[in-house]
Amino acid sequence: VPNAVEAKLVKLGEPGPEAPILVTTNFALTYFMVEGEVENSKIPTYIVVVETNGLGILNSYADDKLTGETIAKAVKATGVMDMVRHKRVVIPGLVSVLKGELEDELGCDVVVGPEESAAIPAFLKTEWRTLASA
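My aim in this report is to walk through the structure given alongside it, one point at a time. (Residues numbered from 1 in each chain as written. Predicted model: local features only at pLDDT ≥ 70, side-chain atom pairs only at ≥ 80, totals over all residues. Heavy atoms only, no water.)

Right, let's talk about unusual backbone geometry for a bit. Of note, Lys42 is a non-glycine position whose phi angle comes to about 65°, a positive value. With respect to the secondary-structure elements, Lys42 resides in the loop between helix H1 (28–41) and strand E3 (45–50). With a phi angle near 60°, Asp64 is a residue other than glycine that sits in the positive phi range. You can see Asp64 is positioned in the loop between helix H2 (57–62) and helix H3 (68–78). (Helix = DSSP H or I, 4+ residues; strand = E, 2+ residues; numbered from the N terminus.)

Here's what the structure looks like:
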């Protein structure tokens, strides 16, 4: 049985209406790596943890547990889109193929984030700030 964390909305720091919304799976290792890198960035962030039965990004995608529909359902269930002024969700780069489907499901912009969690701080400090100021 994979090691899983609870699927829910996580608030790191004190995210406000301009804070990024990142999506990840509930595989514990993946979640804690994402959480650690967001904390390293020092940028308050919302993380939507999607129920994937404890599978990581690629395994949950291959098993149809991480789809545009499941991500949209998780994002909607958290109510996070009502907490921000922007309408952007960041998905893991490994599942960039879900961008179009998720945009259709959520009706918002989907930003493809980095493939590796180690790149999250740089992504948030450069690409996200550029998007937020646009």
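Read on for the rest.
This paragraph deals with the packing of aromatic side chains. In total, this model carries 1 aromatic pair according to the counting rule given. Taking the centre distance of 5.2 Å and the plane angle of 70° together, the rings of Tyr31 and Phe32 count as edge-to-face. Residue classification places Tyr31 among the buried residues on the basis of a relative accessible area of 6%. Judged by relative accessible area, which is 47%, Phe32 ranks as partly exposed. (Phe/Tyr/Trp six-rings, centres within 6.5 Å; stacked < 30°, edge-to-face > 60°. Buried < 20%, exposed > 50% of the residue type's maximum accessible area, 1.4 Å probe, protein only.)

Scope: geometric values only; no functional claims are made or implied.
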